[in-house]
Structure formats: C-alpha cells, structure tokens
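Letter by letter, the chains look like this.
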Amino acid sequence: MSLSWPERAALHIGPDALRLQCRAGMIEQPIDADWTAVLAALPALPRFSCLHVTVADRHVRYLRVTWPEGLSAAERQAFVVHRFTEVFGAGPWAVLTDRNAAGPVCIAAALPLSLHDALRDWARDRRLSLRTVEPAFLTDFNQSRRRFRGDGAFARRERGRVTIGLWAAGVWRALRSLPVDEADGRASVDGLIALLATLPEAPAAGTFHVAGPLPADVPLPAGWIHADCAEARP
C-alpha cells in the first residue's frame, strides 16, 4: 500500500499580486478585482493541500498592544478588536494576534474582514487545509530573530512601504508601517529616525537590521549600527 502525503503550497498576497508556490511551480495573479474574484482565478490545487498564507504589509494594520492585567483570552480578543477600531476605524477587522501571547506587550496584526473571509471561503470551497495566515512583517522578523542580539530595530521593505519595529530589553517599544515613494535604504533610515522621535525614552544605541546595504550618505542615528539581515539567513 502506498501513502500519499498532502501537497504543501504557499500563497503570498503581495502589494499588487498573488504569488502561489506549489508543486507545479510559481503562479502569479494580479490583484485587479475584489478578493473573492482574485482568489477564484487561481488554478486548482489538489484537494486537502496544506496552505500557508502570508499577507503583504500594505493589506495589514499593526498595533503595539499592552495588555491590561487579568484578562481572559476572550477578554483579550474584545480588547484588541476595540483597539483596532479605536485607531484605524470600524473596519471591520479580522485580528490575527495570539490572544495567549506571553508577556505584557505584543504586536497585534489585523486584516480587513473581507480579505480574511474570502481566504476562508476559498480554502473551504477548494477543500484546502488553511494552516496559517500571517502578516509579512512578523513572518520575516521571526525568520531572522534568533540572530538578533540586544536592543535594535528591524525593517521590512516592499513595493511602496517600509515597516519598522523597535525593541529594547526584549520588549517591543514601537512599530510603524509607512507608505513611501521608494522602499530603499534612505526610506528605511528615515523611518527609524521618525520612530525613535515618537518615544519619550528612546534607546541610546542599537542595531538596525535591514536586508541589503545602506547608502553611504544616509547616516544612522548616533549609537546605531547596521546589520544586513539578508546575509544572516540560511
């Protein structure tokens, strides 16, 4: 008797297009309609394929959340939904945060409910196993975090956007996702400077983790150094 393992596939929802990586290769589909129509245009995958989805920062909203003490998981869910509505408007939002995350501070992420529901319905109708739906910034951060030491910041760049998170003493201090004309080294450093300016007690020094080199004429803030996190990945 032979065993047939489910196919594994990865769907990246980019700023302007979907990229589906599966056994047949890479398939790209422009985002030129509503989410339901765009997903419906993707080719069929074998039934029960395991699907992992990442979502570009253009489509995600982020918040640094400080949890009030004593909340249950259900109360955390209600609290973080309230915070997204308070900051970004009614949405409606589908929150991706781990409500049971350890520690008093976490980064919360949310998708438009229309995107979240379209993904769920598409996977159900195609009989796919939707294993993960993750925001791109946190996906890339988690891939590199084991190499980060001490206080620092991490920048993720994509077409038209730079997202930067900053931590000190092992705790998230700030995160900002910024629309930019060109997501390059200059925009990354400008974003770090702007983020540090929002903190009443900004770290005096740290390592700025960015994929690729920074322009020689774009100095980092005093006390900060650059590390190319692209070189650190296997």
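Parameters at a glance
- Each chain carries its own residue numbering, running from 1 in the direction its sequence is written.
- Selection of residues for local features in this predicted model requires a pLDDT of at least 70, selection of side-chain atom pairs for listing and counting requires 80 or more, and totals for whole chains, interfaces and linings are taken over all residues.
- Calculation of side-chain values draws on the structure's entire complement of heavy atoms; hydrogens and water are dropped beforehand.
- By definition, any uninterrupted DSSP run of H or I lasting at least four residues is a helix, any uninterrupted run of E lasting at least two residues is a strand, and each is numbered from the N terminus.
- Radius of gyration: over C-alpha atoms. The globule rule applied is 2.2 Å multiplied by the number of residues raised to the 0.38 power.
- Burial status follows relative accessibility: with a 1.4 Å probe on protein chains alone, a residue under 20% of its type maximum counts as buried, one over 50% as exposed, and anything between as partly exposed.
- It only takes one pair of heavy atoms within 4.5 Å for two residues to be counted as in contact.
- Where accessible areas are quoted, they stem from the Shrake-Rupley method and a 1.4 Å probe; at the residue level, only the protein chains shown are allowed to cover.
- Within this scheme, the nonpolar core is defined by two criteria: the residues are buried Ala, Val, Leu, Ile, Met, Phe, Trp, Tyr or Cys, and they are joined through side-chain atoms within 4.5 Å.
- When two cysteine sulfur atoms lie within 2.5 Å, the pair is treated as a disulfide.
- Here a Phe, Tyr or Trp ring, Trp counted by its six-membered ring, pairs with any other such ring whose centre lies within 6.5 Å, and the pair is stacked when the planes are under 30 degrees apart, edge-to-face when over 60, and tilted otherwise.

Undergrad: I keep staring at the overall build of the protein and nothing clicks. Help me out?
TA: When helices and strands are counted, the protein shows 6 helices and 13 strands. Taken over C-alpha atoms, the radius of gyration comes to 19 Å for the protein, in line with the 17 Å a tight globule of 234 residues would show. Along the first, second and third principal axes, the C-alpha atoms of the protein reach 60 × 45 × 40 Å. The buried share of the protein, taken over its 234 residues, is 44%. Considering only contacts within the protein whose residues lie at least 6 apart along the sequence, 55% involve residues at least 24 apart. Within the structure as shown, the protein displays about 12,400 Å² of accessible surface, and the carbon and sulfur contribution to it stands at 52%.

Undergrad: What's the story with the nonpolar core in this structure? I'm lost.
TA: Across soluble globular proteins, nonpolar side chains show a tendency to be buried alongside one another. L11, I13, L18, L39, L51 and Y62 are the most contacted members of the largest nonpolar core, which totals 35 residues. Sorting the residues of this core by element identifies β1 (8-13), β2 (17-22), α1 (35-40), β4 (50-55), β7 (105-112), α3 (113-126), α4 (136-144) and β11 (171-179) as the ones contributing at least two each. The element that contributes the greatest number of residues to this core is α3, accounting for 5 residues. Aside from chain neighbours lying at most four places away, what touches L18 is L11, H12, I13, I27, E28, Q29, I31, W35, V38, L39 and L42.

Undergrad: Where do I start with the state of the cysteines in this structure?
TA: One way to say it: the disulfide is the covalent bond shared by the sulfur atoms of two cysteines. Scanning the model with the defined rule gives 0 disulfides in all. No disulfide involves C50; its sulfur sits 13 Å from the nearest other cysteine sulfur, which is in C22. A residue is classified by how much of its surface remains accessible, and C50, at 6% relative accessible area, is buried.

Undergrad: Looking at this structure, how should I read the environment of F141?
TA: When you line up the elements, F141 lands in helix α4. A relative accessible area of 7% places F141 in the buried class. Residues F141 and F88 lie 53 residues apart in sequence; the distance between their C-alpha atoms is 23 Å. Every residue in contact with F141, bar those within four places of it in the chain, is listed here: F148, F154, W167 and W172.

Undergrad: Teacher, can you tell me more about the packing of aromatic side chains here?
TA: Remark: the centre distance and the inter-plane angle together describe each pair of aromatic rings, the angle taken between the planes. All told, the structure shown has 14 aromatic pairs when counted by the stated rule. Here F141 and W172 contribute two aromatic rings whose centre-to-centre distance is 4.9 Å and whose plane-to-plane angle is 50°, an arrangement assigned as tilted. One end of the pair, F141, is in helix α4; the other, W172, is in strand β11, and 31 residues separate them in sequence. Exposure remark for W172: the relative accessible area of 14% places this residue in the buried category. Summarising the aromatic geometry, the rings of F148 and W167 are spaced 5.4 Å apart at their centres and angled 15° between planes, so their arrangement reads as stacked. Remark: W167 occurs in strand β10 (residues 161-168) and F148 occurs in the loop between α4 and β9 (152-158); sequence separation between them is 19 residues. Taking relative accessible area as the criterion, F148 reaches 12% and is therefore assigned buried. The exposure class of W167 is buried, given its relative accessible area of 9%. Pairwise contacts between aromatic rings join Y62, F137, F141, F148, F154, W167 and W172 into one cluster.

Undergrad: Please explain unusual backbone geometry as it appears in this structure.
TA: Across the chain, the bulk of peptide bonds are trans and the bulk of non-glycine residues have phi less than zero. Omega for the peptide link from G91 to P92 comes to 0°, which places this bond in the cis form. Tracing the backbone shows P92 in the loop between α2 (73-88) and β6 (93-95). Non-glycine residue F48 carries a positive phi angle of around 70°. Along the polypeptide, F48 turns up in the loop between α1 and β4. F48 sits in the partly exposed class, given a relative accessible area of 49%. Of note in this structure, R127 is not a glycine but carries a positive phi near 60°. Along the chain, R127 turns up in the loop between α3 and β8 (129-135).

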